[in-house]
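A closer look at the structure
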Amino acid sequence: HTVLQAKENVKPCGRLVRPVAPTRIPGRYLSHQEGLPKLPVPSLQQTCERYLAILEPIVDEEELSHTKELLAEFQKAGGVGERLQKGLERRARKTENWLSDWWLTTAYLDYRMPVVVHSSPGVVLPRLEFSDRQGQMRFAAKLIAGVLDFKTMIDNETLPVEYLGGKQLCMNQYYQVLSSCRIPGLKRDSVVNHAHRSRPPAHITVVHNFQFFVLDVYNSDGTPLTVDQLYMQLEKVWSSSLQTNKEPIGILTSNQRNSWGKAYNNLIKDKTNKDSVQAIQKSIFTVCLDAPMPCVSDELYRSRAAVQMLHGGGSRWNSGNRWFDKTLQFIIGEDGSCGLMYEHAPAEGPPIVSLIDHVVEYTKKSEMVRTPMVPLPMPLKLRFNITPEIKKDIEKAKQNMNIMVHDLDVKVIVFSHFGKNVPKTHKMSPDAFIQMGLQLAYYRMYQRCCATYESASLRMFKLGRTDTIRSCSIDSANFVKAMDDPSKQKIEKVTLLEKAVKAHRAYTDMAIHGQAIDRHLLGLKLQAIEDLTSMPEIFMDTSYAVANHYNLSTSQVPAKTDCVMCFGPVAPDGYGVCYNPMAEHINFAVSAFNSCNETNAAHMAQRLEEALLDMRMLLESTPKAKL
């Protein structure tokens with residue numbers, strides 16, 4: 001994940017905002033993409049061996065020996081495994097990326113839980129210094145201008161190419177996040193992207209008091225509106241949406257996907273509704289002007305802001321002030337809360353964070369542009385005809401949303417004792433160090449190790465998305481068990497910690513080079529489904545279920561901005577942990593479900609703090625330290 005970004009200061013060429021084909025730098029983006037390697041298919045034997053290794057700390061011996069037998073059978077010459085492997089290799093030769101379409105479908109579009117909490121991440125930005133609507137509008141105007149500035153780099157294909165370990169990364173996700181939207185289906189969703197149409201959208205949607213507006217953000221000559229112009233337009237939106245008795249049509253998008261698919265088909269039978277929905281779907285992005293949330297202490301503020309970004313706080317607060325299917329929604333509260341949420345299907349965190357870093361820098365600049373004195377048209381208010389049936393769907397969605405809101409517990413902490421600096425002093429990867437802290441915290445709470453997911457970027461490959469870093473290894477298990485064992489010498493504990501950190505580093509390296517096991521196993525399973533053969537036993541095995549039940553779902557999302565991303569757990573009895581390691585502190589967001597008696601976000605956050613401090617103490621109090 002630690003994307004080393006080679007950000008040269010590239011000046012967007014020309015003033016053309018929506019370049020027509022001939023003025024594009026001839027295929028700059030395309031020629032870059034063409035040069036990227038294809039995602040490899042790892043060898044079957046390697047994946048089977050590594051699969052057994054990751055099972056060792058999380059399943060019991062009996063299960064493990066049963067799985068060994070199944071794997072031996074699966075790998076037999078001329079057997080099922082070999083046939084599926086050949087099928088995958090054929091697919092890899094024929095497609096740009098053997099995994100990307102399958103992954104989009106299985107991980108996102110086929111997933112029927114609500115995108116809220118279960119799929120879409122939120123990002124909390126540092127609290128802003130305003131507490132009234134003028135401040136809110138002023139900042140929103142600057143933020144919109146900043147996103148449009150980033151969009152110019154996308155449109156002109158002047159985005160600086162990112163690198164990881166000296167290798168160029170796939171930039172495709174940047175071209176998927178603007179002017180795109182998820183569309184619900186009865187059994188499977190789809191994603192539509194309007195950025196690549198011959199006449200790409202020139203408007204954003206703004207939502208205030210549950211009412212949606214189309215705001216054109218370009219002048220007739222193709223130049224973007226200035227901050228002053230945007231401010232005046234937002235003022236118009238604000239003053240024409242003061243009624244608070246409106247039906248929160250947007251809350252429909254928070255429902256379980258099949259229910260929303262049904263309600264959607266019903267909603268768009270009406271032409272007015274259909275036009276309004278399409279205007280939202282086509283917009284470049286959405287800006288949510290939120291009402292103030294209930295006041296909390298400074299200490300709890302970030303955690304409250306996190307839930308505001310994840311779900312809006314419930315139907316009484318801002319949950320209806322969203323269109324959750326929209327890929328990008330920036331959220332600005334009257335009380336200075338600020339952040340965004342994004343629909344996960346088109347992109348991962350790092351491209352979103354690059355955009356945030358750019359926008360935050362942009363909002364700090366003072367405006368030098370002279371604003372033309374042309375009167376601008378009134379932003380168009382989107383109308384919805386609410387039938388009794390739609391009203392019923394809205395009520396149901398409100399109830400479901402409020403249940404989700406009550407069930408989600410999020411704790412955001414700023415770990416202020418140290419940041420990347422301490423692990424680096426000890427020649428350890430900061431990410432691996434933090435992951436070992438998580439393993440230790442979990443082990444201390446539950447006296448067992450669990451399957452742990454950490455996302456690894458596959459962007460070294462064309463159209464690459466993610467694979468799984470398995471942070472729980474036999475080495476991490478040895479370390480966490482020894483850490484609190486009084487019979488073990490400190491020196492031995494340090495050696496075990498070093499070994500665990502190195503093992504994590506090695507797995508990460510393997511994953512970003514396309515040699516991890518999880519997407520390969522998924523590919524073999526999907527290949528079996530495609531071939532219409534019976535499902536191989538290794539996928540019906542208890543071990544496979546245990547390996548894919550992630551009690552810890554984690555992600556490092558580093559940013560220059562002092563922000564933190566947050567997401568819900570992926571298992572009913574699990575935790576979602578996202579972190580942004582800064583030089584001298586670490587921002588953590590820990591989530592859990594209240595409906596599970598065994599999990600507690602605040603306890604986990606506290607155990608994590610203790611674990612990291614204990615690990616530092618161990619390293620600093622061990623004289624040998626031949627690190």
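Conventions and cut-offs
For every chain, the first residue of the written sequence is number 1, and numbering continues from 1 along that sequence. Given that this is a predicted model, residues contribute local features only at a pLDDT of at least 70 and side-chain atom pairs are listed and counted only at 80 or more, while totals for whole chains, interfaces and linings are drawn from all residues. Side-chain metrics rest on all non-hydrogen atoms present in the structure, leaving aside hydrogens and water. UniProt positions are given in the numbering used here, feature names are shortened, and annotations may be inferred rather than shown by experiment. Values of pLDDT, ranging from 0 to 100, describe the predictor's confidence in every residue of the model. Helix and strand definitions follow DSSP, with helices as H or I runs of at least four residues and strands as E runs of at least two, each counted in order from the N terminus. Whether two residues touch is decided by their heavy atoms; if any such pair falls within 4.5 Å, the residues are in contact. Helix axes use the C-alpha atoms of the stretch in contact, all axes being lines fitted to C-alpha atoms, and the angles between their N-to-C directions lie in the range 0 to 180 degrees. The scheme is simple: roughly parallel for angles under 35 degrees, roughly antiparallel for over 145, roughly perpendicular for 65 to 115, oblique for anything else. Remark: nonpolar core denotes a set of buried residues (Ala, Val, Leu, Ile, Met, Phe, Trp, Tyr, Cys) joined through side-chain atoms within 4.5 Å. Burial here depends on accessible area, computed with a 1.4 Å probe over protein chains only, as a share of the maximum for the residue type. Under 20% is buried, over 50% is exposed, and the range in between is partly exposed. The way it works is a 1 Å grid over only the protein atoms, where trapped points that fit a 1.4 Å probe form a cavity and open points with protein on both sides within 12 Å along at least five of seven lines form a pocket, and then any residue with an atom within 4 Å of a point lines it. Grid points are joined across faces, edges and corners, and a volume is the space filled by probe spheres set on the points. Gly is put with the polar residues, along with every residue not named as nonpolar or charged; the nonpolar set is Ala, Val, Leu, Ile, Met, Phe, Trp, Tyr, Cys and Pro, and the charged set is Asp, Glu, Lys and Arg.

The name given to the protein chain in an unreviewed UniProt entry is Carnitine O-acetyltransferase, and the organism recorded there is Salmo trutta. The heading Subunit (unreviewed entry) in the UniProt record of the protein chain holds the text "Monomer." One UniProt comment on the protein chain, placed under Sequence similarities (unreviewed entry), says "Belongs to the carnitine/choline acetyltransferase family."

This next bit is on the confidence of the model for the protein chain. Chain-level statistics for the protein chain give a pLDDT mean of 90 and a share of 94% at 70 or above. Mean pLDDT across the secondary structure elements of the protein chain bottoms out at helix α1 (residues 28-34), with 72, and peaks at helix α14 (residues 430-446), with 97. Contacts for the low-pLDDT stretch residues 1-27, under 50 throughout, to residues beyond four places or in other chains number 59 contacts.

With that settled, the discussion passes to the packing of helix α2 (residues 44-55) against helix α3 (residues 61-75). Contact pair α2 / α3: the axes reach a minimum separation of 11 Å and the direction vectors enclose 175°. When the axes of α2 and α3 are compared, the pair comes out roughly antiparallel. Seen from α2, the contacting residues are L44, Q45, C48, Y51, L52 and L55; seen from α3, they are L64, T67, K68, L71, F74 and Q75.

Turning our eyes to something else, we now look at the nonpolar core. Grouped together as the largest cluster of nonpolar side chains are 95 residues, with contacts concentrated most on Y51, F479, L497, Y575 and F588. Here this core takes 11 residues from α14, the largest share from any one element. In this structure, M137, L340, I352 and M565 belong to the second largest nonpolar core, which totals 61 residues.

With that settled, consider empty space enclosed by the protein. The final tally for this structure, using the stated rule, is four cavities of 30 Å³ or more. The volume enclosed by the largest cavity comes to roughly 60 Å³. For the largest cavity, the full set of lining residues is L39, P40, P42, W98, L99, L458, D467, G514, A516, R519 and H520. Along the lines of polarity and charge, the residues of the lining of the largest cavity split into seven nonpolar, two polar and two charged. Its boundaries defined by the atoms lining it, the second largest cavity holds a volume of some 50 Å³.

Moving on: the environment of P40. If you trace the backbone, P40 turns up in the loop between α1 and α2. Relative accessible area serves as the criterion here: at 23%, P40 is assigned to the partly exposed category. For the pair P40 and E598, spaced 558 residues apart in the sequence, the C-alpha separation amounts to 40 Å. In contact with P40, other than residues within four places in its own chain, are W98, F461, H513, G514 and Q515.

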